[in-house]
Amino acid sequence: PVQIDIENLSLSFGNTEVLKGVNLAIRPGEFFAFLGPSGSGKSTLLRAIAGFGPTPKGQIKLDGQDIVGSVPWQRNVGMVFQSYALWPHMTVAKNVAFGLEERKVPASEIGPKVRAALELVGMGDYAERFPSQLSGGQQQRVALARTIVVEPRVLLLDEPLSNLDANLRVQMRQDLLKLQRRLGITTIFVTHDQEEANTICDRIAVMADGVVQQIGRPDEVYDN
Ligand code: ADP
Ligand code: ADP
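Residues numbered from 1 in each chain as written. Chains lettered and ligands numbered in written order. Predicted model: local features only at pLDDT ≥ 70, side-chain atom pairs only at ≥ 80, totals over all residues. Heavy atoms only, no water.

Per an unreviewed UniProt entry, the recorded name for the protein is ABC transporter ATP-binding protein, and the organism is Thalassospira aquimaris.

Below, the structure is given as structure tokens:
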């Protein structure tokens, strides 16, 4: 797994600076949370790691190599969005296969990889369904499968559970944690829900107004 070092990272939209010198070291294989209120810069920071949005100042290093300025597809960083963003006209299997086809993975390898990814998220029986035939939780699992099937170096989750109803959200926490441990992939989870971060994550960076205010294990981080 990959170590992530973020050094002196600043980012502006026009004249408005929304990240104001972020410093963070995320350990290989860690399940890490960005926690904070709406507007504190969590999503902007996550998107900067994925390579979306304006180019920041400062450095984002994966195993020591700075990726600022490189384009998203060169980074091999996987991101799951709050809104799932599945293609409605494609089956589950096609949705998951798409990234492999784009990367010119040999056709003979695509089927087995898609099946393995769907099994991992507990959706092995749904390959031929369409997204509209699935519940929100099932769609979120497919979105996860689509991201992990290409074996990204880093997994970024932008409020992945916030569109689910309360019971399912609690249940999915454990599934997400199990999946992360099984893959052993360095993972960043964005949430505004402290309980959610406490339940799932190894360490938490509490963000406020574009900076990291506190960083530590759940038992070390307090609401203020
Ligand atoms: P969070 O994820 O913590 O809710 P965001 O990273 O989405 O916070 O937003 C941080 C700040 O940046 C907010 O003030 C937001 O309005 C602003 N912002 C986010 N995206 C854009 C954008 N594309 N253009 C201008 N301002 C933006
Ligand atoms: P979320 O909280 O789900 O990340 P937001 O409502 O913060 O969603 O942002 C949705 C989209 O709008 C993002 O692409 C973000 O960059 C953009 N955005 C957020 N705030 C602003 C803003 N003040 N001006 C322009 N775009 C913004």
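More follows now that the structure is in view.
Student: Got a sec to walk through the nonpolar core? Specific residues and values, please.
Tutor: Grouped together as the largest cluster of nonpolar side chains are 43 residues, with contacts concentrated most on Phe31, Val96, Val114, Leu118, Leu157 and Phe189. Contributions of two or more residues to this core are made by strand E3 (31-35), helix H3 (92-102), helix H4 (107-120), helix H5 (136-148), strand E7 (154-158), helix H6 (166-183), helix H7 (194-200) and strand E9 (203-208). For Leu157, the contacting residues outside a window of four places in its chain are Phe31, Leu46, Val80, Leu144, Leu176, Thr187, Ile188, Phe189 and Val190. (Core = buried A, V, L, I, M, F, W, Y, C linked by side-chain atoms within 4.5 Å. Buried < 20%, exposed > 50% of the residue type's maximum accessible area, 1.4 Å probe, protein only. Helix = DSSP H or I, 4+ residues; strand = E, 2+ residues; numbered from the N terminus. Contact = heavy atoms within 4.5 Å.)

Student: With reference to specific residues and values, describe the environment of Asp66.
Tutor: Among the structural elements, Asp66 can be located in strand E5 (residues 65-66). Here the alpha-carbon distance between Asp66 and Glu7, two residues 59 residues apart in the chain, equals 9.9 Å. With near-sequence residues (within four places) excluded, Asp66 lies in contact with Gly58, Gln59, Ile60 and Lys61. Polar contacts involving the side chain of Asp66 include one to the main-chain amide nitrogen of Ile60, which spans 3.1 Å. A polar contact of 3.2 Å, which involves the side chain of Asp66, links it to the backbone nitrogen of Val68. (Polar contact = N/O pair within 3.5 Å; in protein donor to acceptor, adjacent residues only side chain to side chain.)

Student: An account of the site of ligand 1 is requested, with residue identities and associated values reported.
Tutor: Neighbouring ligand 1 are Phe13, Val18, Pro37, Ser38, Gly39, Ser40, Gly41, Lys42, Ser43 and Thr44. Gly39 places a polar main-chain atom, nitrogen or oxygen, 2.7 Å from an oxygen atom of ligand 1. Within the backbone of Ser43, an N or O atom sits 2.8 Å from an oxygen atom of ligand 1. Burial of ligand 1 by the surrounding chains reaches 53%, relative to a free accessible area of 560 Å². Here the shell around ligand 1 gets 3 residues from one element, more than from any other, and that element is helix H1 (residues 42-50). (Near = heavy atom within 4 Å. Areas by Shrake-Rupley, 256 points an atom, 1.4 Å probe, with all protein chains shown as cover.)

Student: Requested: an account of H1, with residues and values cited.
Tutor: Residue pairs spaced three or four apart in an α-helix point in one direction, given the helix's 3.6 residues per turn. Most of H1 is tucked away: 7 of the 9 residues are buried. What H1 keeps buried is the set Lys42, Thr44, Leu45, Leu46, Ala48, Ile49 and Ala50. Two residues or fewer past H1, Gly51 is found with a positive phi of approximately 100°.

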